[in-house]
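# Close look at the chain arrangement
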Amino acid sequence: MMKLSSPCMTIKAGRLAVSVLALMASAAYAEAKSLDGVTLTIASMNDGFANVLQALAPAFKEETGADVKVEIMDYGTLLTKTTADFIGDTKGYDLVTMDIVWAGAYAENKYTVDLTDRVKRDAAELDLDDIYPVILESLGQYDGKYVAYPLAAYANVLAYRKDLLEAAGLKPPANMEELVQDALKLNDPSKKQYGFVANGQKGPAVAQDWMQYNNQLGGSILNKDGQPALNSEANIKSLEVYKQLFTEAAPPGAIEYDWGGREESFRQGLAAFMQTWSVGATSYSDPKVSNVVGKVGISVAPVATGMTPQYGVGGWGLSINADIDASKQEAAWTFIKWISSKKVHKEFNMLGAGGFIRKSELDDPDLNAKFDFLPVLKETYEHGNGEFRPRIPQYPEIQDLLGTAVNSALSGSVTPKDALDKAQAAAEKLF
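Notes on the structure in this doc start here.

Here is what the cut-offs are and how they apply
Each chain carries its own residue numbering, running from 1 in the direction its sequence is written. Where totals are concerned, whole chains, interfaces and linings use all residues; where local detail is concerned, this predicted model gives features only for residues with pLDDT of at least 70, and gives and counts side-chain atom pairs only at 80 or more. The side-chain figures draw on all heavy atoms in the structure; neither hydrogens nor water molecules are used. Secondary structure elements are taken from DSSP: a helix is a run of H or I of four residues or more, a strand is a run of E of two residues or more, and numbering for both begins at the N terminus. For this measure, only C-alpha atoms enter the radius of gyration; the expected value for a globule follows 2.2 Å times N^0.38, where N is the number of residues. Contacts were defined at the residue level, with two residues in contact if any of their heavy atoms lie within 4.5 Å. Residue burial is assigned from relative accessible area. The probe radius is 1.4 Å, only protein chains are included, and a residue is buried under 20% of its type maximum, exposed over 50%, and partly exposed in between. Paired strands are those between which DSSP finds at least two bridges.

Attention shifts here to the overall build of the chain. Counting secondary structure elements, the chain contains 19 helices and ten strands. Rg of the C-alpha trace for the chain: 21 Å, near the compact-globule value of 22 Å for 431 residues, within the 12% margin. Once the C-alpha set of the chain is aligned to its principal axes, its extents read approximately 60 × 50 × 35 Å. Long-range contacts, defined as pairs at least 24 residues apart, comprise 77% of the intrachain contacts of the chain with a sequence gap of at least 6.

Another aspect to go through is the pairing of strand S10 (residues 313-320). Most of S10 is tucked away, with eight of its eight residues classed as buried. Side-chain alternation along S10 places Val313, Gly315, Gly317 and Ser319 on one buried face and Gly314, Trp316, Leu318 and Ile320 on a second face that is also buried. Judged from the five bridges that link them, strand S3 (residues 95-99) and S10 form a sheet pairing that is antiparallel. Along S10, the bridge assignment pairs Thr97 with Leu318. Two elements, strand S6 (residues 149-161) and S10, share six bridges in a ladder whose sense is antiparallel. By the bridge assignment, Tyr149 is partnered in S10 with Leu318.

Take unusual backbone geometry next. The phi angle at Asp127 is positive, at roughly 55°, despite the residue not being glycine. Locating Asp127 in the fold gives a position in the loop between helix H6 (123-126) and helix H7 (133-138). In this structure Asp127 comes out as partly exposed when scored by relative accessible area, which is 24%. Not every positive phi belongs to a glycine, and Lys192 is a case in point at roughly 55°. In this fold, Lys192 is placed in the loop between helix H9 (176-186) and strand S7 (194-196). A relative accessible area of 61% means that Lys192 is categorised as exposed.

Shown next, in the form of structure tokens:
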């Protein structure tokens, strides 16, 4: 869902040693070395959790005997390589991080193990009541069955520069109209200060960012009957607004930004506003990568005047390749239970993974002391909309169409209407 460009996390050896010892004490995994000789290979999105998975792998080996190898990829490569692995039955990956919008395709094509019976069998151990229902459903389930299990949930949020708003006598925008007005007001290229930044790069990056704004401006990718409605009047209007922000308030070159470029520009202090997934927020207070420490506010992303808040939820589940043998599947399930357990998942987030799934995490004093934006996540997950982007089997193809259409509209080669008309004609063939 989102790519972070910050340098790989450096975890002090002493801190990790203490963490490993603490995790080894977990009673649930006291049967040491039960998986001696097993190697699990994870295909991971290069979000903040990827390096944390690598850092925690030795602790899992210490408890179970199993080696864990993490292959880290960007969004497009992850989708391409894992899909090829599924289709080719090559068993290159045992576990795959799954963007929630891939759930429909995973289920329809039976790419991954149906975990439903395992979840029922191990419900007490999983402590399901401690995981927000919207996260259990959207990061794992499709049509009532578990095609994955929650790993790292994200909230759709607005990041803003508190210092710039205060200097201009502004409050955080209460609606999308105010966001647009304030972004234009705070834009000052002469000072290398821009009002807004978002993804513009052709492909998944621009498609996903625009879909978030589109939802909040009253648009929808599908109509009430579940059919594509890419060129609806509301969608065309929202793309016009998105283009206005790019044209009048975004940094030069933003049309080529993916998630990493967008986040980096915000961390370096170039932009006043950035709508984003909450995973990035863990880095804004890190002086090693951020020039805006102490200057950033996080709020629920605003919607158009008169609309109900959307509380968009995204993130990643962890799925098991359906091609691997039964014993390997059970070993992979052991890893899923381990990484998502209360004790380990808290450490996962203390180390900066940025993907909170448990109620206990968002109430945890240690995590709240480290990350002051957790109340915003709690509000989002309590009211969450897991269909913020449609989790349908055709989503990957819809994303491709929009990734071309939105980028071409931003570049000025076509109008927003013509771009979405063309995408709509292609989308109708998918249904």
